[in-house]
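A structural walkthrough
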Amino acid sequence: MAAVAKKDVPKGAKQFNFAWTGKDKAGKVVRGEMRAGGESTVSATLRRQGIQVQTVKKVKQSSGGKITEKDITIFTRQLAVMMKAGVPLLQAFDIVGKGHGNPAVGKLLLDIKTEVETGSSLAQAFRKYPLYFDALFCNLVAAGEQAGILDSLLDRLATYKEKIVAIKSKIKSALFYPVAVIVVALVITAVIMIFVIPVFADLFKSFGADLPAPTKIVMAMSAWFVSYWHIFFAAIGGGVWGFLYTYKRSVKMQQGMDRLMLRLPIFGDVVRKASIARWCRTLATMFSAGVPLVESLDSVAGAAGNYVYYEATKRIQSEVSTGTALTMAMQNTGVFPNMVLQMTAIGEESGSLDAMLGKVADFFEQEVDEAVDALSSLMEPLIMVVLGGLIGGLVVAMYLPIFKMGSAI
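Residues numbered from 1 in each chain as written. Predicted model: local features only at pLDDT ≥ 70, side-chain atom pairs only at ≥ 80, totals over all residues. Heavy atoms only, no water.

Observations regarding the side chain of Asp-111
- Here Asp-111 is to be found in helix H4 (residues 103–117).
- A relative accessible area of 11% means that Asp-111 is categorised as buried.
- Among all residues touching Asp-111, those that are not within four sequence positions of it are Arg-35 and Tyr-129. (Helix = DSSP H or I, 4+ residues; strand = E, 2+ residues; numbered from the N terminus. Buried < 20%, exposed > 50% of the residue type's maximum accessible area, 1.4 Å probe, protein only. Contact = heavy atoms within 4.5 Å.)

Brief notes about the packing of helix H11 (residues 293–303) against helix H12 (residues 307–321)
- It is the contact of H11 with H12, at a shortest axis distance of 9 Å, that shows an interaxial angle of 175°. Considering the angle they form, H11 stands roughly antiparallel to H12. Residues Leu-293, Val-294, Leu-297, Asp-298, Val-300, Ala-301 and Gly-302 of H11 form the contact with H12, whose own contacting residues are Tyr-310, Thr-313, Lys-314, Ile-316, Gln-317, Val-320 and Ser-321.
- Residues belonging to the contact of H11 with H12 are distributed by class as follows: eight nonpolar, four polar and two charged. (Axes fitted to C-alpha atoms, helices over the stretch in contact; angles between N-to-C directions. Parallel < 35°, antiparallel > 145°, perpendicular 65-115°, else oblique. Nonpolar A, V, L, I, M, F, W, Y, C, P; charged D, E, K, R; others polar.)

Considering a positive patch on the surface
- On the surface, a cluster of positive charge is made up of Lys-66, Lys-172, Lys-248 and Arg-249.
- By secondary structure assignment, the location of Arg-249 is in helix H8 (residues 213–249).
- Since its relative accessible area comes to 53%, Arg-249 is described here as exposed. (Patch = residues over 30% accessible without salt bridge, like charges linked within 9 Å, V, L, I, M, F, W, Y side chains within 5 Å. Areas by Shrake-Rupley, 256 points an atom, 1.4 Å probe, with all protein chains shown as cover. Salt bridge = Lys/Arg side-chain N within 4 Å of Asp/Glu carboxyl O. Lys, Arg positive; Asp, Glu negative; His and termini not counted. Charge placed at Lys NZ, Arg CZ, Asp CG, Glu CD.)

Some words on a nonpolar patch on the surface
- A cluster of nonpolar side chains, contributed by Ile-182, Leu-186, Trp-229, Phe-233, Ile-236, Val-240, Phe-243 and Leu-244, occupies part of the molecular surface with about 710 Å² of accessible area.
- For the nonpolar patch, the secondary-structure elements that each account for two or more residues are helix H7 (150–205) and H8.
- Counting residues per element, the nonpolar patch draws most heavily on H8, at six residues.

Some thoughts on the nonpolar core
- Counting 40 residues, the largest nonpolar core has Trp-279, Ile-316 and Phe-336 as its most contacted members.
- Of all the elements in the fold, those that place two or more residues in this core are H7, helix H10 (267–288), H11, H12, helix H13 (326–333), helix H14 (338–350) and helix H15 (353–408).
- Considering every element that reaches this core, the biggest residue donor is H15, with eleven residues.
- If we ignore the near neighbours within four places in the chain, the residues touching Ile-316 are Trp-279, Leu-297, Leu-326, Ala-329, Met-330, Thr-333 and Phe-336.
- Among the nonpolar cores identified, the runner-up in size contains 39 residues, and Leu-79, Leu-108, Ala-142 and Ala-289 belong to it. (Core = buried A, V, L, I, M, F, W, Y, C linked by side-chain atoms within 4.5 Å.)

Remarks on the pairing of strand S1 (residues 16–23)
- Looking at chain direction, S1 and strand S2 (residues 29–36) are connected through eight bridges and run antiparallel. Within S2, the residue paired with Asn-17 across the bridge is Arg-35.
- Hairpin connection of S1 to S2: five residues between the antiparallel strands, including Gly-27 at a positive phi of 85°.
- Of the strand pairs in this sheet, S1 and strand S3 (residues 52–58) are connected by six bridges, and their pairing is antiparallel. For Gly-22, the partnering residue across the bridge sits in S3 and is Val-53. (Pairing = 2+ DSSP bridges.)

Brief notes about the sheet that holds S3
- Strand order in this open sheet of three strands is S2-S1-S3, and the pairing throughout is antiparallel. Every other strand in the sheet has two partners, leaving S2 and S3 as the edge strands with one partner each. Direction aside, neighbouring strands of the sheet carry axes that sit 25° apart on average.

Points about the side chain of Lys-161
- Among the structural elements, Lys-161 can be located in helix H7.
- Despite its burial, Lys-161 pairs with no opposite charge, the nearest such side chain being Glu-69 at 4.1 Å.
- Contact partners of Lys-161, with chain neighbours within four places excluded, come to Glu-69, Ile-72, Thr-73, Thr-76 and Phe-137.

Details of the packing of aromatic side chains
- Summed over all chains, the structure comprises 20 aromatic pairs.
- Residues Phe-200 and Tyr-399 carry aromatic rings whose centres are separated by 5.7 Å and whose planes lie at 65° to one another, so their mutual orientation is edge-to-face. With Phe-200 in helix H7 and Tyr-399 in helix H15, the pair connects residues that are 199 residues apart, well separated along the chain.
- Residue classification places Phe-200 among the buried residues on the basis of a relative accessible area of 17%.
- Site record: aromatic cluster; members linked through ring pairs are Trp-224, Phe-225, Tyr-228, Trp-229, Phe-232 and Phe-233.
- Seen from the ring of Tyr-245, Arg-249 lies directly overhead, with NZ or CZ sitting 3.8 Å from the centre. (Phe/Tyr/Trp six-rings, centres within 6.5 Å; stacked < 30°, edge-to-face > 60°. Lys NZ or Arg CZ within 6 Å of the ring centre and 35° of its normal.)

Some details on H12
- With 15 residues, H12 extends 21 Å from end C-alpha to end C-alpha; this agrees with the ideal 21 Å at 1.5 Å per step.
- On its buried face, H12 is in contact with helix H9 (251–263), H10, H11 and H13.
- Among the residues of H12, the N-terminal cap falls to Asn-306, whose side-chain oxygen and the backbone nitrogen of Val-308 are separated by 2.9 Å.
- Where H12 ends, the next residue or the one after it, Gly-323, has phi of about 105°, a positive value. (Expected span 1.5 Å × (residues − 1). Polar contact = N/O pair within 3.5 Å; in protein donor to acceptor, adjacent residues only side chain to side chain.)

What follows is the structure in structure tokens.
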């Protein structure tokens, strides 16, 4: 399809999707979809391409759901496969966009396709959507376009994103289980405190005997909870909302939390290994694509996912730009294990830095998998003991007066 002149698409003009049918120069019926500002623009564009327009209809699109990193990863893999199969770029965008289950992704891809049709390079089109395509993604696409190896770079990029998504998923799954159990425990405890224990309290009033200390404590807690449960839950909800709100908007808080995460027992080790794996994977991908080392470190800093490694990468970039060897610059930061430094040194000396960093990333990704599995195995019995002790303690405290009355009889 012929490119549309940039002047035909006014900057900032609102655009819509239009489905059209017509006949080409040979009289064959053709149809397609185009994003434009109006029906007249679609008709004019098609006429310039030698197509006799028959119908042009505006396509209604739902807003769809949220575009996730997994959606972008799947799109990258699909685009890489089609490019390797020889499918033209614009046609590949059509196939992926129209076949995607999330309308929001389909709209995004059609918008990018329109940018390419109006004369932008693929990297420039991606850069207009920084919320979904980071600097690393755009830099690799630009390198692929310049070197004429876009299909290979997209394949490498898809592999990179798949591994990053997998390692993030592992960490989230390790954190989700204990959080879910804690929430369930809070709900069950609240139900017992509000609805069950007051029934026992009314029953015990008729005994006329002195109640055991554990029972008195639980009843006092229940009375407080019945009176102030709305304040309790409002405080928890407000605290969580306030934390998330502040965290998203405060750089200092994000930096502090990143440092704290690395110091946490058990979890800190998993986060550190995951950060190193992402750091090495990103640098290996960039370097193997032919991006200069100093420029690669720009993307690596943002991709590490932790402020400590972001700060370390910026120091490494500064030292490397003045002639310091990468291994020495990494060693000066003090945040990389000895094994990473040795493998990097071997890679520098042998001229196979990307391969060595890739092996380091593979090793630490495997370490994260094993650490998460071990963490899950350790936490399951621990959480069950805590949950059983909490609920069991409440039940025993309520039945102690009944046991005492039975022994007296």
